[in-house]
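Inside the fold
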Amino acid sequence: MARPVTLFTGQWADLPLAELAPLARRMGYDGLELACGGDHFNVQQALASPDYALRQRELLADHGLQCFAIGNHLTGQAVCDPIDERHQAILPAHVWGDGDPEGVRRRAAQEMKDTARAAARFGVKTVTGFTGSSIWHAVYAFPPTSQDYIERGFQDFATRWMPILDEFEASGVNFALEVHPSEIAFDIASAQRALDAVNGHRHFGFNFDPSHLGYQGVDYIRFIRTFGQRIFNAHMKDVWWGKGDGTVGVFGGHTAFGDARRHWDFRSVGRGMIDFESLIVALNDVGYAGPLSVEWEDSRMDRVHGATESAAFCRRLDFPSAAGAFDAVFDQRDGSRGMAGR
């Protein structure tokens, strides 16, 4: 069978789950990747209440929906980041606390450990998310930035995330980093370096999202073939690049999404420049059998219209892997005559 098509709910946190679930079904989805935001999935409630996970599951089932992963991107971002006022807007109040940067980072790390336990209680094997990065601000190497400086950033990531990943292992859950600008891994080279920093921890892998790679000039198909066994979840999100009026480059020019001057912008799935045909082939080749999770972002389009067409696009695009080579039918060693004998 082809893969289930799910919707990541992060961009829909303004809708209560009881309203979003029937809408998602009407838009054509098989399930939801529940974000830890709004009332979609609450980590602390899942741990405190014996029946919370059951109630959330029943709500989804009432609308014919499944869940294969939960996402805790916002809290994960704070684990390694230099903390500033922007983080207060995205973090739960108990994680932000008094806003002391190191305290925020430590509480965020604890919340990610709790997320692993909550995911296990909910019955999913994957948590998608961000890691943050202490060195993202040094992505452009000026003032001159030594490799020792960069290595300290990767070691900070390892120091903060190894205990979290050990909790994921104890819970039987995988953490899937969405490789993304502002994270410790944002392309193939940095993804490999992050994997090496945590000594190839078997519960650390990736949430593959081509939209964050394509406009950078990173070969997103090569990413699949490089990290195939580490791809624990796949976001379907589109992007175009080489647009705008030439006044804004790849770094975005401090413009807002949807600004016509921008060199690149996210698009509804199938409306941008990602080669999804090659992407599906590559996912099949590496044996990825998880969901295709639409993360819908397009500043120029009504989201219900866009999410509906995205679900239909993914369903038309996807196909199950072959059971064997197409020319196996020509093999005459069983004594029968195949096409090749005619």
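The structure contained in this document is the topic of the report that follows. Keep in mind that what you see is a predicted model, and the values were worked out from it rather than measured.

In this section: the overall build of the chain. From N to C terminus, the chain includes 13 helices and ten strands. Relative to the globule expectation of 20 Å for 342 residues, the C-alpha radius of gyration of the chain, 21 Å, shows essentially globular dimensions. Overall size of the chain, expressed as C-alpha extent along the three principal axes, is 80 × 50 × 40 Å. Here the chain, with 342 residues, has 51% of them falling under the buried criterion. Only carbon and sulfur atoms are counted for the fraction: they give 53% of the accessible area of the chain, which is about 15,600 Å².

Strand order in the closed barrel formed by eight strands is β1-β2-β3-β4-β5-β6-β7-β10, with parallel pairing between adjacent strands. Put simply, the sheet's adjacent strands are angled 30 degrees from each other on average, direction ignored. Pairing of strand β1 (residues 5-8) with strand β10 (residues 292-294) involves three bridges; the strand directions are parallel. Opposite Leu-7, over in β10, you have Val-294 as the bridge partner. Running at roughly 165 degrees to strand β7 (residues 231-236), helix α12 (residues 276-285) makes contact with β6 (204-208), β7 and β10 of the sheet.

Next up on the list: the nonpolar core. By size, the foremost hydrophobic cluster in this structure holds 96 residues, and its most contacted members are Phe-204 and Leu-279. Not counting the four nearest positions on each side in its chain, Phe-204 is found in contact with Phe-157, Leu-165, Phe-175, Leu-177, Ala-194, Leu-195, Val-198, Arg-230 and Phe-232.

Below, the discussion takes up the pattern of salt bridges. This structure, assessed with the given rule, holds 22 salt bridges. A salt bridge links Glu-102 to Arg-106; the nearest nitrogen and oxygen atoms lie 3.1 Å apart. Of the two residues, Glu-102 and Arg-106 are both situated in helix α7 (residues 101-122); the distance of four residues between them amounts to about one turn of the helix. For the salt bridge of Arg-225 with Asp-285, the shortest nitrogen-to-oxygen distance reads 3.0 Å. You can see Arg-225 sitting in helix α11 (residues 220-226) and its partner Asp-285 sitting in helix α12, a full 60 residues away along the chain. What you see here is one network of salt bridges that share partners, running through Glu-102, Arg-105, Arg-106, Asp-156 and Arg-160.

Scoring rules and cut-offs
Residues numbered from 1 in each chain as written. Predicted model: local features only at pLDDT ≥ 70, side-chain atom pairs only at ≥ 80, totals over all residues. Heavy atoms only, no water. Helix = DSSP H or I, 4+ residues; strand = E, 2+ residues; numbered from the N terminus. Rg over C-alpha atoms; globule rule 2.2 N^0.38 Å. Buried < 20%, exposed > 50% of the residue type's maximum accessible area, 1.4 Å probe, protein only. Areas by Shrake-Rupley, 256 points an atom, 1.4 Å probe, with all protein chains shown as cover. Pairing = 2+ DSSP bridges. Axes fitted to C-alpha atoms, helices over the stretch in contact; angles between N-to-C directions. Contact = heavy atoms within 4.5 Å. Core = buried A, V, L, I, M, F, W, Y, C linked by side-chain atoms within 4.5 Å. Salt bridge = Lys/Arg side-chain N within 4 Å of Asp/Glu carboxyl O.

By themselves these figures say nothing about function.
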